[in-house]
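Each chain is listed here by its residues.
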Amino acid sequence: MFTFSLTLVRHGETQYNRDKLLQGQGVDTPLSETGLVQGDAVGRYLRDITFNNVFASNLQRAVQTAEIMLKKNTHCSGTEMVLEPLLRERGFGVAEGRHKDDLKNMANAAGQSCRDYTPPEGETLDQVKLRFKTFLKVLFKQMLAEHCSSGPDASAGASDAGDAANGTEAAASGAGPVGSADDGLRGVSVHALVVTHGAYIRVAVKHLVEDLKSSLPAGVKMSQLFSPSPNTGVSRFIFTLSQSECGPVLSACRCVFTNRKDHLANLPLAV
């Protein structure tokens, strides 16, 4: 058995976020001043976690956020960041660059909820989920190949990780008490960081919880799990893998917390 953590972070704010305009994949904007401050804050919050592998969407708002985080990290100055197109935001087709209210109006005209509606030329939620599932396969294979044979500590800690997650359930919800940046990591020595996008993270969390049957923190509300991640919101899952002739097999998945934003609490520019 091999256990590792996956920490998901949404990129910092852009001017399009502030103006409630859809970016998707076709609008590639940099971080705003607030976004830079948010990136610095989440980097400081997670600075003491040694991320062995770092992946980011290749859209510049995610790349910038990941770069800031790595600079702030105590242990990751030499860690290579992999730019992964599979982590790009959901494509919103003709709605990209337009106000979110326009998307709501398009959905209403089609008789659908805004969350489930796919604009012309946009990606369906199932297409986004397929991208995430493909990324998970790549991630699992790479983590096993790079870390499973690196010593007993790398593959140890499956039960410890579960105990740690159980012990942090009171602080697991992003809306709950302030939690520690290393919640769920006791006994787990291999850590992956992914910097990606809001709609993508929501699809990813739903897949992990509903399809892969991730165990959940006690008392967590489903509305919190699946709520939109704030800019630089942090979510964490613990995976336990085994190796088979056909490749990696997921043995267990645990949600530690989702959409945590403690690091934004005292920022004067945070939204």
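Residues numbered from 1 in each chain as written. Predicted model: local features only at pLDDT ≥ 70, side-chain atom pairs only at ≥ 80, totals over all residues. Heavy atoms only, no water.

## Things to note about the packing of helix 2 (residues 33-45) against helix 3 (residues 60-72)
- Following both chains from N to C, one finds helix 2 and helix 3 inclined at 40°, their axes separated by 8 Å at the closest point. Compared by their axis directions, helix 2 and helix 3 come out oblique. With respect to the hand of their crossing, helix 2 and helix 3 are arranged in right-handed fashion. Residues L36, G39, D40, V42, G43 and R44 of helix 2 lie in contact with helix 3, whose contacting residues are Q64, I68, M69 and K72.
- Class assignment of the residues belonging to the contact of helix 2 with helix 3 gives a composition of four nonpolar, three polar and three charged. (Axes fitted to C-alpha atoms, helices over the stretch in contact; angles between N-to-C directions. Helix = DSSP H or I, 4+ residues; strand = E, 2+ residues; numbered from the N terminus. Parallel < 35°, antiparallel > 145°, perpendicular 65-115°, else oblique. Left-handed = near helix turned anticlockwise from the far one by under 90°. Contact = heavy atoms within 4.5 Å. Nonpolar A, V, L, I, M, F, W, Y, C, P; charged D, E, K, R; others polar.)

## Overview of the nonpolar core
- With 33 residues, the main nonpolar core has F4, L6, F135, L139, F237 and F239 as its most contacted residues.
- Counting residues per element, the ones that place at least two in this core are strand 1 (2-10), helix 5 (125-147), strand 4 (191-196), helix 8 (198-211), strand 5 (234-244) and strand 6 (247-260).
- If one sorts the elements of this core by residue count, helix 5 sits on top with eight residues.
- Not counting chain neighbours up to four residues away, the residues in contact with F239 comprise F2, T3, F4, L6, L136, F140, L208, L250, A252 and C253.
- In this structure, V54, A62, L70 and V256 belong to the second largest nonpolar core, which totals 24 residues. (Core = buried A, V, L, I, M, F, W, Y, C linked by side-chain atoms within 4.5 Å. Buried < 20%, exposed > 50% of the residue type's maximum accessible area, 1.4 Å probe, protein only.)

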